[in-house]
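As a plain string of letters, each chain reads:
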Amino acid sequence: MSSQYNTLESFAENDTTEVHASVAASTQKQQQSNLPPIFLFDNDNSPIEATGLALNSIARGAVGMSSLFLGPALLILAQNAAKEAGGCDTTNNDDGGQECSDDDEGRVYGMRPSSLLTNIGVFSGVLSAILLPLFGAIVDHTQHRKAIGQWAAILLSIIKGIEIFVSKSTWFFISILQVLNYVLYQAHLCAAYAYTAELSTNPNEQTIYNARFQTVNYFSMLTFLIVVTLTSSLLNVGDIGQARVSQTLAFIICSLVFGFAWRWFFHPRPALRQVPPNGTLLTAGFRKLARTSTEILQHWAPLRYFLLSVMLSESATAALSTISTTYMIHVLNMNGSQIGTVFLCVFVAGIPGSKLGGMIGLKINPLRSALLCLVVFIINTTLAACIMTGEESQHIMYLFAAVWGVCLGWLHPTNAALYCTIIPRGQESELMGLYLFSGLVFSWVPPFLFTFLNEVGASMRIGLASLNLFFAGGFLFLKMIGDYQSAVDFALTRDGGSDDECRPSRDSFDGTEGTKRLSLPEMT
């Protein structure tokens, strides 16, 4: 449900990217002219990769949504396994079992079964944060960009095929596969984003491409959710059956669409630049990340506070689906179909949410808009934890889900617009990579906190409310930015510097060609 598709290549300097983008776009347009009209994206002038990225967005939507249906099944199977390990009798079917105790859910593999999804989130977040700079370095410094994207897509398809066989004997293995699935997805995104950055050097064209890919991805997820929910209802299958239906559909879509797109619509690319002297491929991404982060921490206060805010608020929004799924099953006693409907509410509400965020951002500026959104997040999450105390509160969940959906559709594009207006010129692509990393680096902390609280016996209502710590932290760091216009002016008076340095200088702004920044309406 992320709206951060309007990014550029991770950990890449802007000037070199633009040169390669220009050459690549020229070659791609020549190849595009040989395509049948049905496979042309937008018009005859679009690069061939534009068609590939549109198709790729369809398959990515299936990958993301299938995990939402798999989560409830894994929780139920883990709960049954814990009861059996504790000597309780359960029924032999996959869709549930006799409840032996409402007070003690037992333990399996040393953990409470209700901690399963958040533990998956912890390991996925830690590994992705560690490996993302490496993925970026491989895409940036080698000619293996297509191989990274293609093989990650192949492995994701295989994982979806294995997950069809989720059952009482395979649930733990498939839970481990969910961690690998998330890491491979991040690797795949690195390659896809690099191709996206080369579609055009015109900011307006690039914005249009990104918006259309996001639209394709959104409707892919929405269609997938509706089809799985309706199919499961018609077949009258339980939560486990619904998970199998979702994985079967995801496997078919990924195998066909990923395979077709990466075979015919993506072409190999040379390395954008060489590995720095006295460096290695393993360290190149980390060194660049460390150097850029140090400069921001020391010299660019608005960017520093914004990225700290993103680290906290984005980690909470990323963990919201995992924590809320656990809450819906163990506190509200909702089934897979009901949970699917809840997420449908989230997706539908995200549409007016994005429009609302754009309108408010234009009215009062994106900084104040983001602050207001975080306040709504805090209020809604607090009320949800206080009001939804049991099965009798199921119907209220749809209302809270709609408000969360509005906030998600509001916050992500507002953050992106805010970021793009306060970054120094000349480092847009490199700093977009840092923006992506900032949103990911602490993604494991909220699920870790929820798991800790759950393991020590705290109420899940406290665990759900713990997300407010991160929303509140994000709010406080945004407040520390100060005046929005001052932050914009500060960025305009700083030059991005060379490949090796990004020293701020008040004398660096000369008003020459190339200093134009996208306006807020263009961003939103």
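Residues numbered from 1 in each chain as written. Predicted model: local features only at pLDDT ≥ 70, side-chain atom pairs only at ≥ 80, totals over all residues. Heavy atoms only, no water.

Enquirer: Just give me the short version of the overall build of the protein chain, but keep the residues and values in it.
Expert: Helix and strand content of the protein chain: 18 helices and zero strands. Of all 524 residues assigned to the protein chain, the portion counted as buried reaches 56%. Sequence-distant contacts, at least 24 apart, represent 81% of the contacts inside the protein chain between residues at least 6 apart. Counting only carbon and sulfur atoms, one obtains 63% of the accessible surface of the protein chain, whose full area is about 21300 Å². (Helix = DSSP H or I, 4+ residues; strand = E, 2+ residues; numbered from the N terminus. Buried < 20%, exposed > 50% of the residue type's maximum accessible area, 1.4 Å probe, protein only. Contact = heavy atoms within 4.5 Å. Areas by Shrake-Rupley, 256 points an atom, 1.4 Å probe, with all protein chains shown as cover.)

Enquirer: Tell me about helix α5 (residues 171-197), and name the residues and values.
Expert: Note: α-helices contain 3.6 residues per turn, so residues at a spacing of three or four share the same orientation. For α5, which comprises 27 residues, the first-to-last C-alpha distance of 39 Å matches the rise-based estimate of 39 Å (1.5 Å per residue) to within 8%. Burial within α5 is extensive, with 22 of its 27 residues counted as buried. (Expected span 1.5 Å × (residues − 1).)

Enquirer: Please give an account of the nonpolar core that cites residues and values.
Expert: Counting residues in each nonpolar core, the largest one holds 133 residues, and the members touching the most others are F306, F377, Y419 and L478. By residue number, the principal contributor to this core is helix α2 (residues 48-85), which donates 17 residues. (Core = buried A, V, L, I, M, F, W, Y, C linked by side-chain atoms within 4.5 Å.)

Enquirer: Tell me what's going on with the confidence of the model for the protein chain, and back it up with residues and numbers.
Expert: Mean pLDDT over the protein chain: 81, with 80% of residues reaching 70 or higher. Contacts of residues 1-33 to residues separated by more than four positions or lying in other chains number 101 contacts, the stretch itself having pLDDT below 50. Taken together, the stretch residues 496-524 has pLDDT below 50 and engages in 60 contacts with residues farther than four places along the chain or on a different chain. (pLDDT = per-residue confidence, 0-100.)

Enquirer: How would you sum up the pattern of salt bridges? Please name residues and give values.
Expert: Counted according to the given criterion, the structure contains six salt bridges. A salt bridge links K168 to E84, with the shortest nitrogen-to-oxygen separation between them at 3.3 Å. In this pair, K168 sits in the loop between α4 (145-163) and α5 while E84 sits in helix α2, placing the two residues 84 residues apart along the sequence. Using a relative accessible area of 37% as the deciding quantity, one classes E84 as partly exposed. Between R269 and E198 there is a salt bridge; the shortest N-O distance is 2.8 Å. Separated by 71 residues along the polypeptide, R269 in the loop between α7 (239-264) and α8 (281-299) and E198 in the loop between α5 and α6 (203-235) bring together distant segments of the chain. Considered together, R269 and E198 belong to a single accessibility category, that of buried residues. Here the salt bridges do not stand alone but share partners, grouping E49, R145, E198 and R269 into one network. (Salt bridge = Lys/Arg side-chain N within 4 Å of Asp/Glu carboxyl O.)

Enquirer: Could you give an account of unusual backbone geometry, with specific residues and numbers?
Expert: Even without glycine at this site, Y109 takes up a positive phi of about 55 degrees. In this fold, Y109 is placed in the loop between α2 and α3 (116-141). Y109 sits in the exposed class, given a relative accessible area of 57%. Despite not being glycine, N365 shows a phi value in the positive range, around 90 degrees. Among the structural elements, N365 can be located in the loop between α10 (336-364) and α11 (366-387). Of the residues examined, N365 reaches a relative accessible area of 17% and is grouped as buried.

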